[in-house]
Amino acid sequence: MAKNYGVDAEFYCAELAMDELENAKGADPEYVPLPKFPAVTRDIAVVCDRAVTVGALEDCIRRGAKGLLKDVSLFDIYTGSGIPEGKKSVAFNLTLRSDDRSLTAQEADEDVKSILETLKAELNAVLR
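Residues numbered from 1 in each chain as written. Predicted model: local features only at pLDDT ≥ 70, side-chain atom pairs only at ≥ 80, totals over all residues. Heavy atoms only, no water.

> Got a sec to walk through the overall build of the chain? Specific residues and values, please.
If you tally the helices and strands in the chain, you get 3 helices and 4 strands. For the chain, the succession of helices and strands along the chain, N to C, is α-β-α-β-β-α-β. By the compact-globule yardstick of 14 Å for 128 residues, the chain is too spread out, its C-alpha radius of gyration being 25 Å. Counting over 128 residues, the chain shows a buried share of 27%. Within the chain, counting contacts between residues at least 6 apart in sequence, those at least 24 apart form 71% of the total. A total accessible area of about 9,200 Å² is found for the chain, and carbon and sulfur atoms account for 52% of it. Taken together, the 16 basic and 23 acidic charged side chains of the chain have centroids lying 9 Å from each other. (Helix = DSSP H or I, 4+ residues; strand = E, 2+ residues; numbered from the N terminus. Rg over C-alpha atoms; globule rule 2.2 N^0.38 Å. Buried < 20%, exposed > 50% of the residue type's maximum accessible area, 1.4 Å probe, protein only. Contact = heavy atoms within 4.5 Å. Areas by Shrake-Rupley, 256 points an atom, 1.4 Å probe, with all protein chains shown as cover. Lys, Arg positive; Asp, Glu negative; His and termini not counted. Charge placed at Lys NZ, Arg CZ, Asp CG, Glu CD.)

Here it is in structure tokens:
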């Protein structure tokens, strides 16, 4: 083929199945406007058994929230001095926001309190 077209170098060709590519691309992205109201962030560190996974803690945090929690992100796991044997300290950043109003500190604190109560009841994880 290269000789036929007078190309004096190596080249490659490929056959693309466009219908399969179209099906593999997934759903069209959906526009989501930026939030109108500011977020409130809180950091919490809980002490729990070493066997408790970060995923289990995150799931429990999401269940304990009262509808204001928008994001949970892990930022530290500590097992050194000051932490009892067989335990670990796991720290998360919580982002809280309402879609229809600015939150008060009291509303944010109530959501965090609910989260901490759920962590204690379900995983025996206590605030550090």
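> An account of the side chain of Thr118 is needed here, citing residue identities and associated values.
With respect to the element layout, Thr118 can be found in helix α3 (residues 105-123). The exposure class of Thr118 is buried, given its relative accessible area of 15%. The residues touching Thr118, leaving out its near neighbours within four places in the chain, are Cys60, Gly64 and Leu123.

> Could you give an account of a nonpolar patch on the surface, with specific residues and numbers?
Taken together, the side chains of Met1, Tyr5, Val7 and Phe11 define a hydrophobic patch exposed on the protein surface, amounting to about 470 Å² of accessible area. Within the secondary structure layout, Tyr5 lies in the segment before α1 (18-24). (Patch = residues over 30% accessible without salt bridge, like charges linked within 9 Å, V, L, I, M, F, W, Y side chains within 5 Å. Salt bridge = Lys/Arg side-chain N within 4 Å of Asp/Glu carboxyl O.)

> Residue-level account of the nonpolar core, with values.
In terms of nonpolar packing, the biggest core is built from 22 residues, with Ile44, Leu57, Ile61, Phe92, Leu94 and Leu119 touching the most fellow members. Not counting chain neighbours up to four residues away, the residues in contact with Phe92 comprise Arg42, Asp43, Ile44, Val54, Leu57, Glu58, Ile61, Val72, Ser73, Leu74 and Phe75. (Core = buried A, V, L, I, M, F, W, Y, C linked by side-chain atoms within 4.5 Å.)

> Please set out the pairing of strand β3 (residues 87-96) residue by residue, giving values where relevant.
One face of the sheet, then the other: side chains in a regular strand alternate in exactly this way. Counting buried residues in β3 gives 8 out of 10 residues, a clear majority hidden from the surface. Pairing analysis gives 10 bridges linking strand β1 (residues 40-49) to β3, with the strands arranged antiparallel. Paired with Cys48 across the strands is Lys88, a residue of β3. Direction of pairing for strand β2 (residues 69-78) relative to β3: antiparallel, over a ladder of 8 bridges. Paired with Ser73 across the strands is Asn93, a residue of β3. (Pairing = 2+ DSSP bridges.)

> Tell me about the environment of Leu103, residues and numbers included.
The topology assignment puts Leu103 in the loop between β3 and α3. Since its relative accessible area comes to 13%, Leu103 is described here as buried. On a C-alpha basis, the gap between Leu103 and Leu68 in space is 9.0 Å, while along the polypeptide they are 35 residues apart. Every residue in contact with Leu103, bar those within four places of it in the chain, is listed here: Val40, Leu68, Leu96, Arg97 and Ser98.

> Before we move on, can you summarise the sheet that holds β2 with the specific residues and values?
What the 4 strands build is an open sheet, ordered β2-β3-β1-β4; its pairing is antiparallel. Both edges of this open sheet fall to β2 and β4 (126-127), since each of them pairs with a single strand only.

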